[in-house]
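Survey of secondary and tertiary structure
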Amino acid sequence: MRVVMLSAVLAAGAAALPMAQAPAGGSQVELKVGDQAPDFSLQASDGKTYQLSSFKGKQAIVLAWFPKAMTSGCTLECKSLAEHGDMIRKYDVTYFMASVDPLDKNTEFAKATSVDLGARGGVVAKKEADFPILSDPTKATAKAYGVLNDQAGFANRWTFYIGKDGKIQAIDKEVGKHVQTSAEDMAAKLGELGVAKK
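In this text, all values refer to a predicted model and were calculated from it rather than measured experimentally.

1. Quick notes on the overall build of the protein
- On a plain count of helices and strands, the protein comes out with six helices and eleven strands.
- Look at the contacts in the protein between residues 6 or more apart in sequence, and 72% of them connect residues 24 or more apart.
- Carbon and sulfur atoms make up 56% of the accessible area of the protein, which totals about 10300 Å².

Structure (structure tokens):
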């Protein structure tokens, strides 16, 4: 009788383990290439609201999540996309940066001309962003994409490439290693994925 009860307790404990062991970042969601990209409707720095489903069947989407507006790495990424966006716009694609920052913060970030790097020294000049920066202050979309780092409270720096069919074609989780060349890397990935040119 004791053996049966102990087995039942162990089985119940084992069954509970997967729920207790969340993946890195604390999110239960882990999207993969080929998955349908979660729909979203988010306000952007340009005063518009964008919904992913409105692009389905029309245009590819790049959704570049970043941790926090006005920080050095995010500024370098935004600067790259602002200065070299012409490389991306050769493709039939709409691209966004996105974070869980409030809309006013991302609007300010899009218009910022420089960010002081403090202890790291110097100032990084940045052109005004000529692309929308999406705000997800409720963090619901970040959770749906599996990018929310629950412990830190911000999004991981991951970029999602979404085809015209609404499915994820690629996920770049290494953007943080090369933020200065974000535009070049994004354009190269679009070419690699066979996204049509304009």
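Okay, back to it.
2. Quick look at the state of the cysteines
- Tallied over the full model, the rule gives zero disulfides.
- Residue C74 stays outside any disulfide, its sulfur separated by 9.1 Å from that of C78, the closest cysteine.
- For C74, a relative accessible area of 0% corresponds to the buried category.

3. A look at empty space enclosed by the protein
- This structure, assessed with the given rule, holds one cavity of 30 Å³ or more.
- Counted as a void, the largest cavity has a volume near 60 Å³.
- E77, T159, Y161, D172, V175, H178, S182, D185 and M186 together form the lining of the largest cavity.
- At the level of elements, strand 10 (159–162) and helix 6 (182–192) are the ones that each hand at least two residues to the lining of the largest cavity.
- Element by element, the count of residues in the lining of the largest cavity is highest for helix 6, at three residues.
- Split by residue class, the lining of the largest cavity holds three nonpolar, three polar and three charged.

4. Things to note about the packing of aromatic side chains
- Applying the stated rule across the entire model yields seven aromatic pairs.
- The interplanar angle of 50° and the centroid separation of 6.2 Å between the aromatic rings of W65 and Y145 together place this pair among those described as tilted. Linking W65 in strand 3 (residues 60–65) with Y145 in the loop between helix 5 (140–144) and strand 8 (148–149), this pair joins segments that are 80 residues apart in sequence.
- It is K173 that lies over the ring of W158; its NZ or CZ is 4.3 Å from the centre.

5. Overview of helix 6
- Buried within helix 6 are the following residues: S182, A183, M186, A187 and L190. Projected down its long axis, helix 6 shows its buried positions confined to an angular sector of 130°, all on one face.
- On the buried face of helix 6, the contacting elements are strand 3, helix 2 (72–83), helix 3 (85–88), strand 4 (93–99) and strand 10.
- At the exit of helix 6 stands G194, carrying a positive phi of roughly 75°.

6. Side note on the confidence of the model for the protein
- Residue-level pLDDT values for the protein average 84, and 78% of them are 70 or greater.
- Low confidence marks residues 1–27, where pLDDT is under 50. Its contacts with residues over four positions away, or in another chain, come to eleven contacts.

Thresholds, definitions, all that
Residues numbered from 1 in each chain as written. Predicted model: local features only at pLDDT ≥ 70, side-chain atom pairs only at ≥ 80, totals over all residues. Heavy atoms only, no water. Helix = DSSP H or I, 4+ residues; strand = E, 2+ residues; numbered from the N terminus. Contact = heavy atoms within 4.5 Å. Areas by Shrake-Rupley, 256 points an atom, 1.4 Å probe, with all protein chains shown as cover. Disulfide = S-S within 2.5 Å. Buried < 20%, exposed > 50% of the residue type's maximum accessible area, 1.4 Å probe, protein only. 1 Å grid on protein atoms, 1.4 Å probe; cavity = no way out; pocket = protein on both sides within 12 Å on 5 of 7 lines; lining within 4 Å. Points joined across faces, edges and corners; volume = space filled by probe spheres on them. Nonpolar A, V, L, I, M, F, W, Y, C, P; charged D, E, K, R; others polar. Phe/Tyr/Trp six-rings, centres within 6.5 Å; stacked < 30°, edge-to-face > 60°. Lys NZ or Arg CZ within 6 Å of the ring centre and 35° of its normal. Arc of directions from axis to C-beta. pLDDT = per-residue confidence, 0-100.

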